[in-house]
Amino acid sequence: MKTLIKNGTVVNSTGTAQADVLIDGEAIAAVLAPGSTLLGFDVESNVDTVIDAAGKYVIPGGIDAHTHMEMPFGGTQASDTFETGTRAAAWGGTTSIVDFVVQYAGENVLDQFHLWHEKARGNCAIDYGFHQILSDVQDSSLTAMDELVAEGVSSFKLFMAYKGVFLSDDGQIVKAMQKASQNGSMIMMHAENGSVIDLLVQQAIAAGNTSPYYHGLTRPWQAEEEATHRAIMLANLTGAPLYVVHVSAKQAVDQIALARDKGQNVFGETCPQYLYLSLEDNLGAPGFEGAKWVCSTPLRSKAEGHQHHMWQSLRTNDIQMVSTDHCPFCMKGQKDMGIGDFSKIPNGIGGVEHRMDLLYQGVVDGNISLERWVEVTSTTPARMFGMYGRKGVIQPGADGDVVIYDPNGHTSIGLPVDDDGVQTGRSHHMNMDYSAYEGYEIDGHVDTVLSRGKVIIDNNQYLGAKGDGKYVKRGLSQYLI
Ligand code: DUC
Ligand code: ZN
Ligand code: ZN
């Protein structure tokens, strides 16, 4: 099966050019000057399918390196399965995810890894890889880290918060970091001071401050900055590379930037929610509404300038990439477990479908360049997590993971209603009964999505099938020296 995408504007992180893209089977075979011939043959008349991308961007498929499909958490389970979540991702122009295998204290790491394979295998619409969460760092977990690297899991997430659930103490963190510094893997860190947060939460509830807004106030930026600094110091001590996940506080960004300026292998990820949503506008919504946006790290105060700082950091590369931390819960039956006690609201926001659009809006609004859009959503995730070459770039030899994005199109995010204000359906495909980005209007549209050469989204239709997505055995991060 050969496909020619002609007349488009190919955007890679390194530059933009008018070019035709030839896909042969599952891989990109050539990137050609428009209308050119190949070994004397007219390309167009020798392919099975021609897609005209005139006036549109042709970009490498998005890579969301931080998702939690069907994750057991907060007394419930994330509402997207691998099937529904990866299909929604495809609708939004994301062609690969890296999801987190969960190991709770006492569980065996390798057993969990096999269990996650069973959950994902045969169910995904797009390609998927795994990171591994480590809670208690047992001796067997340290051996498992070597085995997992060989299996394509080259990154391990630790938590400095969620005592009794995920939290590793500093000694456990150092043990895992020592192992990572030996085997070349990446330590990913949820950097919030859990003890401080647990105390503030107890005090807030005791004082009768039970609404979702207090989720934000009890996880202050100081708890994020302190933990980020501590993680950087522990990484410095052990020589492990460190990737700080879901950075939301500007002070945490500054800690990362400082360490990077000193030459340490420290990286930072932010998420669309920290670029667009805020403590005041969202967590502070009337009644229980704010529960929609309870996630950790929490949304920050707009007045304190975190959002503004985050866009700036994306431009200057103090923050290197954007993932979603996709962890959806429905309001009815899940988030509502926390009515009367915000600490019982399952933490998480769904957004895997909207990341490419929301970041493209950043281009339209003048916050990032077109090439930087591709870099932070696709190329850097591929490099960071050992997939580059196959993923993250339009070049010969790469997988045919391609998105045709229409800058003259439009995407309305939210729940459509009829003339009488009655909800008529969903304008998203994630398994959520609300949208965290309700009312957002995007000046662009995902028109066509190809996953390893197969068209899976076209003309507002899903053409793929469950099981199209295959496991990606990742290598080591390409940013490490
Ligand atoms: N934060 C969330 O909001 N949800 C899942 C786990 C996490 O760290
Ligand atoms: Zn986290
Ligand atoms: Zn997460």
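What counts as what
- Residues numbered from 1 in each chain as written.
- Chains lettered and ligands numbered in written order.
- Predicted model: local features only at pLDDT ≥ 70, side-chain atom pairs only at ≥ 80, totals over all residues.
- Heavy atoms only, no water.
- Domains from an automatic or database assignment.
- Contact = heavy atoms within 4.5 Å.
- Buried area = accessible area lost by both parts, 1.4 Å probe.
- Salt bridge = Lys/Arg side-chain N within 4 Å of Asp/Glu carboxyl O.
- Helix = DSSP H or I, 4+ residues; strand = E, 2+ residues; numbered from the N terminus.
- Nonpolar A, V, L, I, M, F, W, Y, C, P; charged D, E, K, R; others polar.
- Donors = N, O, S within 2.8 Å, 3.2 Å for Na, K, Ca; no water.
- Buried < 20%, exposed > 50% of the residue type's maximum accessible area, 1.4 Å probe, protein only.
- Pairing = 2+ DSSP bridges.
- Right-handed = clockwise from strand over helix to strand, strands pointing away.

## Quick notes on the domain arrangement of the chain
And step 1. Under the domain assignment used here, the chain contains domain 1 (2-59 + 391-407 + 442-462) and domain 2 (61-384).
And step 2. In this structure, domain 1 and domain 2 have C-alpha centres spaced 32 Å apart.
And step 3. Domain 1 puts 29 residues into the contact, and the matching count from domain 2 is 26 residues.
And step 4. Buried surface at the junction of domain 1 and domain 2, both sides included, amounts to about 2,300 Å², of which 64% is carbon and sulfur.
And step 5. The interface formed by domain 1 and domain 2 holds two salt bridges in total.
And step 6. Put simply, R452 and D127 hold a salt bridge, and the shortest N to O gap is 2.7 Å.
And step 7. Only β1 (2-12), β2 (15-24), β7 (57-60), β18 (402-406), β21 (445-451), β22 (454-458) and β23 (461-462) provide two or more residues apiece to the side of domain 1 that touches domain 2.
And step 8. In terms of residue count, β21 provides more of the side of domain 1 that touches domain 2 than any other element does, five residues in total.
And step 9. Of the residues belonging to the side of domain 1 that touches domain 2, the class tally is 14 nonpolar, 10 polar and five charged.

## Overview of the coordination of the zinc ion (ligand 3)
And step 1. Those protein atoms acting as donors to the zinc ion (ligand 3) are H66 (NE2), H68 (NE2) and D325 (OD), and they sit at 2.0 to 2.2 Å.
And step 2. Between the two metals, the zinc ion (ligand 3) and the zinc ion (ligand 2), the spacing is 3.9 Å. The burial state of H66 is the same as that of H68; both residues are buried.

## Looking at the pairing of strand β14 (residues 186-190)
Side-chain positions along a regular strand alternate between the two faces of the sheet.
And step 1. Within β14, five of the five residues are buried, which leaves it mostly tucked inside the rest of the structure.
And step 2. Of the two faces of β14, the one carrying M186, M188 and H190 and the one carrying I187 and M189 are both buried.
And step 3. Pairing of strand β13 (residues 155-159) with β14, which is carried by five bridges, proceeds in the parallel orientation. Looking at β14, one finds that L158 is bridged to M189.
And step 4. Following the chain from β13 across helix α4 (residues 170-183) to the adjacent parallel β14, one finds a crossover that is right-handed.
And step 5. In this sheet, strand β15 (residues 242-244) lies alongside β14 in parallel orientation, the contact comprising three bridges. Bridge pairing in β15 places M189 opposite V244.

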